[in-house]
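# Structural overview for review
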Amino acid sequence: MRRSATVMEMPKVISSEKTGRKYRRRSVRGVPLFMDEGIISDMANHADIGYAEDKEVLGLISGRVYRDEEGEYSIASGTATARLDATGVSVRFDPDCLEDLFASIDESGGDAVIGWYHSHPGFGCYLSDVDIRTHSDIFGKGTGFAVVLDPSDGTLMVFTVEDGEPKAAQMVVSEDG
Ligand SMILES: [Zn+2]
């Protein structure tokens, strides 16, 4: 059985925008992604709602990309989702809703899509081959983060994809100020 998350006809994003990376030294060395716990809660709550209906969920993570001596890193600012076509082992955005979805991110002022999240209700946190293709469709050769949640046991993992291979990524979660 193929477990999949498919982002249909997603325009190439947004995180490949290289101009205007603001210099700002990251608060923890070696970490490429920073996120408030409120954003984690948003994703976890969404995954729980899907789990109650035995469905995967899917959304985008907005944020900003900064640079420092170590290179680029991202600070998440929120999540966005749209109407989904979902089953227990697959999910995609309703193609009719994509325009509004991207508009909702553009309107938030200087943010880019820095990642995406989806859930694997009951089958663990990893990236399937389809997930890896979806990730590449969204981010191309740019950096993006894939968050996978399993609401059956409350686990969450973050991945990047390098040369077609998923790599677990570190994330610092901060308390909401
Ligand atoms: Zn998946």
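Quick caveat: nothing in here was measured; it's all calculated off a predicted structure.

## Observations concerning the overall build of the protein
Per the secondary structure count, the protein includes three helices and twelve strands. For the protein, buried positions account for 36% of its 177 residues.

## Here's the deal with the environment of Ala168
Structurally, Ala168 can be placed in strand S11 (residues 165-168). Given 12 C-beta atoms within 10 Å, Ala168 falls into the exposed group. Along the backbone, Ala168 and Ala146 are 22 residues apart, and their C-alpha atoms lie at a distance of 9.4 Å. In this view, Ala168 contacts Met157 and Phe159; residues no more than four positions away in its chain are not counted.

## Considerations on helix H1 (residues 37-52)
Helical geometry note: an α-helix holds 3.6 residues per turn, so side chains three or four residues apart project in the same direction. Its 16 residues place the ends of H1 22 Å apart at the C-alpha level, agreeing with the 22 Å of an ideal helix rising 1.5 Å per residue. Where H1 ends, the next residue or the one after it, Asp54, has phi of about 55°, a positive value.

## Remarks on unusual backbone geometry
In this model, Asp54 sits at a positive phi of 55°, which is unusual for a non-glycine residue. One non-glycine residue, Asp163, adopts positive backbone phi at about 50°. By secondary structure assignment, the location of Asp163 is in the loop between strand S10 (155-162) and S11. Residue class for Asp163 comes out exposed when judged on the 6 C-beta atoms lying within 10 Å of it.

## Some points on the pairing of S10
Of the strand pairs in this sheet, strand S9 (residues 145-150) and S10 are connected by five bridges, and their pairing is antiparallel. Bridging across to S10, Val147 finds its partner in Val158. In this antiparallel pair of consecutive strands, S9 and S10, the connection spans four residues, and Gly154 shows a positive phi of 70°. Two strands pair when backbone bridges link them, and S10 and S11 are joined in this way by four bridges, in the antiparallel orientation. Each bridged residue has a counterpart across the sheet, and for Glu162 the counterpart in S11 is Glu165.

## Considerations on the pairing of strand S7 (residues 90-93)
Across a regular strand the side chains alternate sides, sitting on one face of the sheet and then on the other. Residue alternation in S7 divides its side chains into a buried set, Val91 and Phe93, and an unburied set, Ser90 and Arg92. Examined bridge by bridge, strand S6 (residues 84-86) and S7 share three bridges and lie antiparallel to one another. Counted as the bridge partner of Ala86 is Val91 from S7. Linking two consecutive strands that pair antiparallel, namely S6 and S7, is a turn of three residues.

## Structural notes on the environment of Leu149
Position of Leu149 among the secondary structure elements: in strand S9. For Leu149 and Asp48, which are 101 residues apart along the polypeptide, the C-alpha to C-alpha distance reads 9.6 Å.

What counts and what doesn't
- Residues numbered from 1 in each chain as written.
- Predicted model: local features only at pLDDT ≥ 70, side-chain atom pairs only at ≥ 80, totals over all residues.
- Helix = DSSP H or I, 4+ residues; strand = E, 2+ residues; numbered from the N terminus.
- Buried ≥ 20, exposed ≤ 12 C-beta atoms within 10 Å, placed from the backbone.
- Contact = placed C-beta atoms within 7 Å.
- Expected span 1.5 Å × (residues − 1).
- Pairing = 2+ DSSP bridges.

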